[in-house]
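Each chain, letter by letter, is given below.
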Amino acid sequence: KQWYQRRVRGAGCSFLSCFVPLLLMAAELKGSKQAARPSAACPLPRIYSPVPEGGDTEGEYESIPLISAEDRGKYEVGTGSFGMFGTALFIVGEMTGSGILGVPQALAHSGYTGILLMLICVAVASYTGLTLSRNWMHVRDQYPECSKPYQSIGYTAYGKAGEVAVQICATVTLCGGCCAYILIAAQCLAKFLCTELETDSINYRECVLIMGAVFSIVLIFGARSESLLVAFFATTLSAFFSFLIIYGIIRTGKAKDYHPFQITAKSWFLSFGKFLFAFGGHSAFPNFQKEMKKPRNFPGSVLLAFLVKLVLYIPLGVLGMLYFGDKTQPNILSDISQDLQVLNVCILLLVAIQAIMSATILGSPVAVMIEGVVGAKSSKVMSSKRIAVRVLFVAGVVVICEAIPRFDLIMALIGGTTINTAVFILPSLFHIKLAKRDQWHTFKIVLDMLTMAFGGIAGCVCTYAALANLSKGL
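Please read these numbers as outputs of a predicted model, since none were measured by experiment.

Turning next to the packing of aromatic side chains. Ring pairs (aromatic) are described by centroid distance and by the angle formed between their planes. Tallied over the full model, the rule gives eleven aromatic pairs. Taken together, a centroid distance of 6.1 Å and an interplanar angle of 40° make the contact between Tyr158 and Phe430 tilted. In this pair, Tyr158 sits in helix H6 (residues 149-197) while Phe430 sits in helix H14 (residues 407-434), placing the two residues 272 residues apart along the sequence. For Tyr158, a relative accessible area of 35% translates into the label partly exposed. On the basis of relative accessible area, Phe430 is assigned to the buried category, the value being 1%. Above the face of the Tyr258 ring, Lys254 is positioned so that its terminal group lies 4.4 Å from the ring centre. When the ring centre of Tyr158 is taken as reference, the NZ or CZ atom of Lys433 above it lies at 4.9 Å.

Laid out in structure tokens, this is it:
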């Protein structure tokens, strides 16, 4: 009983530490002045009028300028440097690593219906990704130099309430993703040391501290100009080690005492939460679209990225389900035979490197947001405030990892709460307000309402299942 109470207190403290960035964010929002700063996400004045009450009745609200033509040149909308394929690399590299390791168990615990569930997740997530893209194309001309495009979409549609809702979902999702990747990297390091030293006495929690230190170094010295290179390597490594894992599963062979998992409603909805985590990432979609040379090509990037994810997830998940059944572990690497030592070492090193890269992609926006609150200069690498912010952020992530040392539980919980909200509910909710009233308007609104209803019901059930499993897993 005392052990359980200590775990509960530790988990409570870890969740409080997770919300420290949210408290800083709230202070930033409260301190901003409405006259000089219409949105905390975008400091520059609007070029166009806001969306009229009752929605964009004619689809032309962007054509009403708020500043003179002479001054408008100062605020022309800039374009980024990413192409369609480069943007797809970011989407794939953002959440794919954790999905590759966690999807096999999720599919084993949901059966063949899990494949249908995965396809439904992809279809709905693709639709909301497209609606989010259209929302940003509506808003981008109003905020030419916007550092937080998703937040500006929420502000344009529903004011401060919309902006704060996006901030909460984005911050918690990114922090949770960082925790999952640090735990994955620590598991790989612990297993690697056990294999090389031929011992079982490696302390997993010490490996979390080591990978936290590595993550802090990469987060501090990572440069924006190298971000595309990081995304490329993260995606390439994800594809490479997924094929190595498939080869390792085949070489390991079918479990001798193989039995299919007895599927329950709880296991099915937990799997749904993991699928949401694997296909999530919508919180960063507007940021990726903002950095494109041709932002209108972003839907192509979304569809290409989800196609690549399906190609990586389905074969790996089906093999894990057919070979290991109810013995499938939360991390598929634990199912590969220890006799394949060289293969195991290669996979562990690749997964650990990819996990740190993906954690950097997810953690950088949170660190930049906190730096904006405390007044640190993000462009100055060795700024004392910048270093302190990033070290403290990593320390908070490590505390959560120490309290909840299972990345599959984090995947299910975050997938059913903030990722579900950012993927299913908020894009459709904002699209209802910002959509143009054309001949397809009624159909789009009905589709948005159905998507929100599906996301709301699924999110509640997934969250309940994840919390029930969390209380037992700790």
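There's plenty left to go through after this.
Across the protein, pLDDT averages 77, with 77% of residues at or above 70. Per-element mean pLDDT across the protein ranges from 41 in helix H3 (residues 69-72) up to 91 in helix H11 (residues 298-324). Counting contacts from residues 1-41, a segment whose pLDDT is below 50, to residues more than four positions away or on other chains yields 68 contacts. Contacts for the low-pLDDT stretch residues 43-77, under 50 throughout, to residues beyond four places or in other chains number 76 contacts.

Let's shift gears to the nonpolar core. Nonpolar side chains in soluble globular proteins tend to end up buried together. Within the largest apolar cluster, 120 residues are counted, with the highest numbers of intra-cluster contacts made by Phe215, Ile245, Leu333 and Phe393. For this core, the element with the highest residue contribution is H6, accounting for 20 residues. Those residues in contact with Ile245, other than ones at most four positions away along the chain, are Ile100, Leu101, Leu316, Ile332, Leu333, Ile336 and Ile347.

Turning our eyes to something else, we now look at the environment of Ala213. With respect to the helices, strands and loops of the structure, Ala213 is situated in helix H7 (residues 204-221). Along the primary structure Ala213 and Ala395 are separated by 182 residues, whereas in three dimensions their C-alpha atoms are 8.9 Å apart.

Reading guide: rules and limits
The written sequence of each chain sets the order in which its residues are numbered from 1. The model is predicted, so local features are restricted to residues of pLDDT at least 70 and side-chain atom pairs to those at 80 or more, both for listing and for counting; the totals for chains, interfaces and linings are taken over all residues. The basis for every side-chain value is the complete set of heavy atoms in the structure, and neither hydrogens nor water enter the calculation. A pair of Phe, Tyr and Trp rings is counted when the ring centres sit within 6.5 Å of each other, with Trp represented by its six-membered ring. The angle between the planes then sorts it: under 30 degrees is stacked, over 60 is edge-to-face, the rest tilted. Only DSSP runs of H or I covering at least 4 residues are called helices, and only runs of E covering at least 2 are called strands; the numbering of each starts at the N terminus. The buried label applies to any residue whose accessible area, calculated with a 1.4 Å probe on protein chains only, is under 20% of its type's maximum; exposed applies above 50%, and partly exposed to all values in between. Distance and angle both matter: a charge sits over a ring if NZ of Lys or CZ of Arg is within 6 Å of the ring centre and within 35 degrees of the ring normal. The predictor attaches a confidence to each residue, and that confidence, scored 0 to 100, is pLDDT. Contacts: residue pairs with any heavy atoms within 4.5 Å of one another. The definition of a nonpolar core used throughout is a set of buried Ala, Val, Leu, Ile, Met, Phe, Trp, Tyr and Cys residues joined through side-chain atoms within 4.5 Å.

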